[in-house]
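This is what each chain is made of:
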Amino acid sequence: MSGQRWTDMIVGDRMAVDREFMEEVTNSQFSRQEWGLVMTAVEFEIEHPEDDERAKLVADTSKVEQVMPEMDNIQSQMNSMSGKSSKKEGKGVFSSVKSALGLGGDDSGVDQDRLAAAEALAQQYADELQDRLESKGKWARVRTAVQD
């Protein structure tokens, strides 16, 4: 319950960072839609909230891998609208079914480089959000709310 309270305290700050962070997204390999999907899978935690020196806002990206297939769909749709072909379009029906069932070798179907890039960008977002909270004098109050 207290976790919800601290996240409610930073809603306005998140909206401001969202706006400011769009340039980072634009310069990344992700579209705005893909980034939005990543952010639905990210949760924020504060590690060591009781310690001034070690307290850190961390992006929990453990669920991002679950949205990667939908990100591939978004990318395929964008590629088809622009006339580009997707690297996955060469698969046949049988191959696609085998892959969906987890039978086609050890490939999980998740692009590990893209996943790592999404996780890194999410942590960069968390760092910028923490910087904003610190600069606005809210970081100590947020950390205290986490501890309650």
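Residues numbered from 1 in each chain as written. Predicted model: local features only at pLDDT ≥ 70, side-chain atom pairs only at ≥ 80, totals over all residues. Heavy atoms only, no water.

Asks: So what exactly am I meant to see when it comes to the pattern of salt bridges here?
Replies: Side-chain pairs of opposite charge can arise whenever the charged atoms involved come near each other. Here the structure, examined in full by the defined rule, presents nine salt bridges. The partner of Asp52 in a salt bridge is Arg143, and the shortest N-O contact between them spans 2.4 Å. Placement of Asp52 in the loop between strand 1 (43-47) and strand 2 (56-60) and of Arg143 in helix 7 (residues 139-147) is noted, with a sequence separation of 91 residues between them. One salt-bridge network, in which partners are shared between bridges, spans Asp13, Glu20, Arg132 and Lys138. (Salt bridge = Lys/Arg side-chain N within 4 Å of Asp/Glu carboxyl O. Helix = DSSP H or I, 4+ residues; strand = E, 2+ residues; numbered from the N terminus.)

Asks: Any chance you could explain the packing of helix 2 (residues 11-26) against helix 3 (residues 32-41) here in plain terms?
Replies: Contact pair helix 2 / helix 3: the axes reach a minimum separation of 11 Å and the direction vectors enclose 130 degrees. When the axes of helix 2 and helix 3 are compared, the pair comes out oblique. Classified by chirality, the crossing of helix 3 by helix 2 is right-handed. Contacts between helix 2 and helix 3 involve Arg14, Phe21, Met22, Val25 and Thr26 from the first element and Arg32, Trp35 and Met39 from the second. (Axes fitted to C-alpha atoms, helices over the stretch in contact; angles between N-to-C directions. Parallel < 35°, antiparallel > 145°, perpendicular 65-115°, else oblique. Left-handed = near helix turned anticlockwise from the far one by under 90°. Contact = heavy atoms within 4.5 Å.)

Asks: Can you walk me through helix 7 in this structure?
Replies: One full turn of an α-helix is made of 3.6 residues, so residues set three or four places apart face in the same direction. What helix 7 keeps buried is the set Trp139, Val142, Arg143 and Ala145. Mapping the buried residues of helix 7 onto a view down its axis gives an arc of 160 degrees, with all of them on the same face. (Buried < 20%, exposed > 50% of the residue type's maximum accessible area, 1.4 Å probe, protein only. Arc of directions from axis to C-beta.)

Asks: Please explain the confidence of the model for the chain as it appears in this structure.
Replies: Interpretation of the predicted coordinates at a detailed level should be avoided for regions scoring low in pLDDT. Mean pLDDT over the chain: 85, with 80% of residues reaching 70 or higher. Across the chain, the secondary-structure element scoring lowest on mean pLDDT is helix 5 (residues 93-100), at 52, and the one scoring highest is strand 2, at 98. Ignoring residues within four places in sequence, the model shows residues 86-92, a span with pLDDT below 50, making seven contacts including any to other chains. (pLDDT = per-residue confidence, 0-100.)

Asks: For this particular structure, what's the right way to read the pairing of strand 1?
Replies: The two faces of a sheet get side chains in turn, since along a regular strand they alternate between them. Across the two faces of strand 1 the burial differs, with Phe44 and Ile46 buried and Glu43, Glu45 and Glu47 not buried at all. Sheet topology note: the strand 1/strand 2 ladder contains five bridges and is antiparallel. Across the sheet, the residue bridging to Ile46 is Leu57, located in strand 2. (Pairing = 2+ DSSP bridges.)

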